[in-house]
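Examination of the molecular architecture
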Amino acid sequence: MKNAALQKSIESFLPTAHINRLSHILQGRNVRAGYARASALQCNAIHPFIANDPLYIESRALMQHRELLTESRLMNLFLILKYGGLDGDIIEFGAYRGGSAVFLANVARGLGLSTTVYALDTFEGMPPSESTLDFHHANDFANVSFQELLEYKEKCGLTNLVFVKGLFEETAHPLLEKSKKIILAHIDCDLYEGTRYAIDVTLPHLHPGGGYLVFDDALQSTCLGALQAVEEMIQEHHLRAEQSFPHLVYRYPPAK
Ligand SMILES: C[S@@+](CC[C@H](N)C(=O)[O-])C[C@H]1O[C@@H](n2cnc3c(N)ncnc32)[C@H](O)[C@@H]1O
């Protein structure tokens, strides 16, 4: 299928007018946009078209199977960046071997966005977790070489990707103070403390056009701590989900 026809097929699933208009965001969500993306992904209808998109193919190949994300989650991130109508920076909490960060950076670059992707992790494994709540333990995900990751980023020529080593609690705040407004926070750290901190530190920096908060893990059977942090965010900020499939998506600030 020719590229123009491909784009037309993808867009036939998406009411872009709803996606791009701030006035459609109520209590932190644009219901129509969320339904459009989620329903097309859940029944696999849009998959063959996105899977043939040249930018998606290129970005997917660059991940080299480093990522832990499902195909539907990658496709949803692709749709959010391509049709979300926002430009600014991206922050990822939990980068591990850099798979999802490389994907996001290549998609943003290919779309011509001015985005820098900040990918945060200890790159030495999980910090100590809350034993009464979290499933994962200290040092899970420790099989990473930070040096190899930096070399791979150079090889890919991704000058818009910055790997930030250390605990979120030590690195995120100063970074967000100097970043552009955040169009997407991809929160994928599996633990209560990290997820709670990621939400609190990011909310004031989200793009005024309704930045996207995407929780990769909060609906995973092994991430009740992350889910609890999201539940607290809902209670404190009165947000409503824009998507519950293939991951939880919220918008902030709510326009009304
Ligand atoms: C599931 S992995 C991320 C997977 C990655 N997004 C991907 O799909 O390729 C979770 C990561 O969160 C990191 N992490 C958890 N809590 C953290 C914290 N407070 N500070 C820094 N890194 C943290 C762990 O080191 C781990 O690498």
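Keep in mind it's a predicted model, so treat the numbers as computed, not measured.

Quick look at the site of the ligand now. Close to the ligand lie 24 residues, the nearest being G94, Y96, G99, C189 and G194. Class assignment of the residues belonging to the shell around the ligand gives a composition of 12 nonpolar, six polar and six charged.

Here F245 and P246 are connected by a cis peptide whose omega angle stands at 0°. In this structure, P246 sits in the loop between α11 (224-237) and β6 (248-252). Phi at N139 takes a positive value of approximately 80°, unusual for a residue other than glycine. You can see N139 is positioned in the loop between β2 (117-121) and α8 (146-156).

Taken across its five residues, strand β5 (residues 211-215) has five buried, putting it largely inside the fold. Of the pairings in the sheet, the one linking strand β4 (residues 182-187) to β5 comprises four bridges and is parallel in character. Residue pairing in the sheet places I187 in a bridge with F215 of β5. The handedness of the β4 to β5 crossover, carried by helix α10 (residues 192-202), is right-handed. Looking at chain direction, β5 and β6 are connected through five bridges and run antiparallel. Of the residues in β6, the one forming a bridge with G211 is Y252.

Calculation criteria
- Residues numbered from 1 in each chain as written.
- Predicted model: local features only at pLDDT ≥ 70, side-chain atom pairs only at ≥ 80, totals over all residues.
- Near = placed C-beta within 6 Å.
- Nonpolar A, V, L, I, M, F, W, Y, C, P; charged D, E, K, R; others polar.
- Helix = DSSP H or I, 4+ residues; strand = E, 2+ residues; numbered from the N terminus.
- Buried ≥ 20, exposed ≤ 12 C-beta atoms within 10 Å, placed from the backbone.
- Pairing = 2+ DSSP bridges.
- Right-handed = clockwise from strand over helix to strand, strands pointing away.

Read these as geometric descriptors, not functional statements.
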